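Architecture and fold: a report
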Amino acid sequence: MSHPAIAALQARFGGRIETGQAVRDQHGAGDSWHPAAPPEAVLFAETTAEVSDALAICHAHGFPVVAFGHGSSIEGQTQAVMGGLSLDLTRMAKVLRVSAEDMDATVEAGCTRQQLNEDLRDTGLFLPIDVGAHATMGGLASTRASGTMTVRHGTMRDRVLGLTVVMANGEVIQTGGRARKSSSGYDLTGLFVGAEGTLGIITEVTLRLAGIPEAAKAGLYSFAEIAEATATVVEALQCGLCLNRIELLDALQMQAINAYNGTAHPETATLMIEMAGSEAQVAADLEMFGALAEGHGAAAAPCATPEAYNALWKLRHSALYSARALRPGAKSLSTDVCVPVSSLPQVIAGIQAEIAAAGVMAPLHGHVGDGNFHLVMLFDGPEEQEVVRGLHARLIAMALEAGGTATGEHGVGLGKKLFMQAEHGQALGVMRKIKAALDPQGILNPGKIFDL
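Here is a short report on the structure shown in this document. (Residues numbered from 1 in each chain as written. Predicted model: local features only at pLDDT ≥ 70, side-chain atom pairs only at ≥ 80, totals over all residues. Heavy atoms only, no water.)

Attention now moves to the nonpolar core. Grouped together as the largest cluster of nonpolar side chains are 53 residues, with contacts concentrated most on Leu271, Ile273, Met275, Phe289, Phe373, Leu375 and Met377. Looking at this core, the elements with two or more residues in it are β12 (215–223), α9 (226–238), β13 (243–249), β14 (269–277), α11 (279–295), α14 (344–358), β18 (372–379) and α15 (382–401). When residues in this core are grouped by element, the largest group, 6 residues, is from α15. If we ignore the near neighbours within four places in the chain, the residues touching Leu271 are Gly219, Leu220, Tyr221, Phe223, Ala229, Thr232, Val233, Ile246, Glu247, Leu248, Phe289 and Val368. (Core = buried A, V, L, I, M, F, W, Y, C linked by side-chain atoms within 4.5 Å. Buried < 20%, exposed > 50% of the residue type's maximum accessible area, 1.4 Å probe, protein only. Helix = DSSP H or I, 4+ residues; strand = E, 2+ residues; numbered from the N terminus. Contact = heavy atoms within 4.5 Å.)

So, about the sheet that holds strand β4 (residues 85–88). Judged by pairing direction, the sheet is mixed, and its 4 strands sit side by side in the order β1-β2-β4-β3 without closing on themselves. A strand with exactly one partner marks an edge of an open sheet, and here the two such strands are β1 (17–18) and β3 (65–68). In this structure, strand β2 (residues 41–44) lies alongside β4, joined through 4 bridges in parallel fashion. Paired with Leu43 across the two strands is Leu87, which belongs to β4. Together, β2, β3 and β4 form the strand contacts of helix α3 (residues 48–61), whose direction differs from that of β4 by roughly 170°. (Pairing = 2+ DSSP bridges. Axes fitted to C-alpha atoms, helices over the stretch in contact; angles between N-to-C directions.)

Its place among the elements puts Ala145 in the loop between α5 (137–142) and α6 (150–153). Looking at Ala145, the relative accessible area reads 5%, which means it is buried. Sequence separation of Ala145 and Gly411 is 266 residues, and the distance between their C-alpha atoms is 7.9 Å. With residues near it in sequence (within four places) discarded, Ala145 still touches Ile129, Val131, Leu140, Thr155, Met156 and Glu409.

Under the 1.5 Å per step criterion, the end-to-end length of α14 is 21 Å for 15 residues, consistent within 8% with the ideal 21 Å. Burial in α14 covers these residues: Leu344, Val347, Ile348, Ile351 and Ile355. Down the axis of α14, the buried set is contained in an arc of 95°. They therefore lie on one face. Residues Ala356 and Ala357 are exposed on α14 and point more than 90 degrees away from its buried face. (Expected span 1.5 Å × (residues − 1). Arc of directions from axis to C-beta.)

So, about the environment of Arg245. Along the chain, Arg245 turns up in strand β13. Arg245 sits in the buried class, given a relative accessible area of 7%. Leave out the neighbours within four places in its chain, and Arg245 touches Asp130, Thr148, Met149, Val151, Met272, Ile273, Glu274, Tyr309, Trp313 and His317. Looking at Arg245, its side chain comes within polar contact range of the side chain of Asp130, at 2.8 Å. (Polar contact = N/O pair within 3.5 Å; in protein donor to acceptor, adjacent residues only side chain to side chain.)

This part is about unusual backbone geometry. For Met103, which is not glycine, the phi dihedral falls at a positive 55°. Relative to the helices and strands, Met103 is located in the loop between β5 (95–99) and β6 (104–108). On the accessibility criterion, Met103 (30% relative accessible area) is partly exposed. For Ile449, which is not glycine, the phi dihedral falls at a positive 70°. Counting through the fold element by element, Ile449 comes out in the segment after α17 (427–438). Given a relative accessible area of 11%, Ile449 falls into the buried group.

These values are about where atoms sit, not about what they do.
Okay, here's the thing in structure tokens:
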């Protein structure tokens with residue numbers, strides 16, 4: 001027998017409340033190793049008013065609600081672990097406003113970054129959030145996502161100026177605005193960015209854009225040892241170069257990329273870098289970076305043509321999928337700790353030694369310009385999963401000891417909540433109080449980030 005909330009939702013939305021098994025299954029699993037958990041019903045919302053009506057009904061019946069974008073999350077954020085309604089926002093995909101003069105735009109939550117950047121092409125502006133997934137703005141904001149350009153442009157926290165948010169009871173609020181700074185009241189925008197849909201559902205996002213640089217050049221640098229690559233990263237950042245991206249890939253990851261893409265790059269520790277700025281600045285800084293890298297024994301392969309430049313970043317964005325292809329049929333646990341950049345060498349060396357001792361296959365890649373790296377730990381079966389989960393816990397302990405965090409960009413969801421007490425201590429209690437105040441019935445994405 002279905003929940004009374006479903007009947008009330010059907011009375012409001014008719015046949016748009018979908019309860020078929022296929023659509024429920026699609027909305028009950030992200031791109032992760034966490035077990036699927038389908039919702040009891042799915043609604044493809046088309047306006048903020050519809051989201052408001054749906055939440056008011058669910059609030060009245062104590063019915064859980066999980067916001068859904070493109071389902072690319074890898075920490076179980078979209079799993080409906082307590083059933084309820086999956087609120088799919090992908091039909092809310094409009095670019096509502098662009099101000100080229102002010103370098104900002106407002107979009108609906110279901111708009112993707114690719115869609116926005118295509119729309120901005122003629123303005124000379126873009127959104128510099130370069131994640132590997134085809135993700136929606138609501139999802140990017142809700143997980144405080146970042147990507148390869150963080151070292152230059154920051155994360156979604158730095159790009160979001162304001163939000164339209166529907167609260168648990170259906171109330172609609174606006175946070176922030178279009179001003180580049182404000183001393184007015186609490187930073188509610190920052191509160192919802194990264195909350196993973198546990199405090200309210202984002203339906204519109206106002207974004208700070210960036211200008212497309214005059215010049216951008218890239219290159220691939222191969223090192224004999226990963227320690228030499230990370231030492232180069234530290235030195236390059238200290239020199240204040242116009243780095244737009246600086247990505248680290250270990251020997252196993254380069255082996256995976258070659259096999260997946262049919263390329264023949266050196267299968268050693270590798271840095272993929274990009275400089276962006278004026279022609280003169282890019283040329284000078286690229287030369288200086290080359291000297292730093294060569295001082296650590298690197299072999300350089302600059303991108304001589306636009307085709308080579310595009311091919312390089314296509315390879316980088318294939319990293320997760322190429323890593324998984326090393327063991328067809330296996331599952332993967334993708335880590336994403338972030339540490340102070342100076343701590344990268346010892347943290348990477350420490351966890352890789354434990355991975356080798358455990359006999360686990362775990363290619364490494366990451367945005368090392370901001371101290372964030374991923375290990376794609378491959379496993380097959382419950383015994384191997386337990387080993388991998390143990391290594392994951394060890395890595396997070398190392399990161400926290402170094403002053404870092406359990407998650408640099410993937411979010412907490414189901415996968416990282418076991419580590420939140422160790423990371424936040426007494427502050428986790430404050431988070432629980434905020435959650436209880438804004439969502440007293442606990443209907444918004446329940447079971448994520450922490451347990452009430």
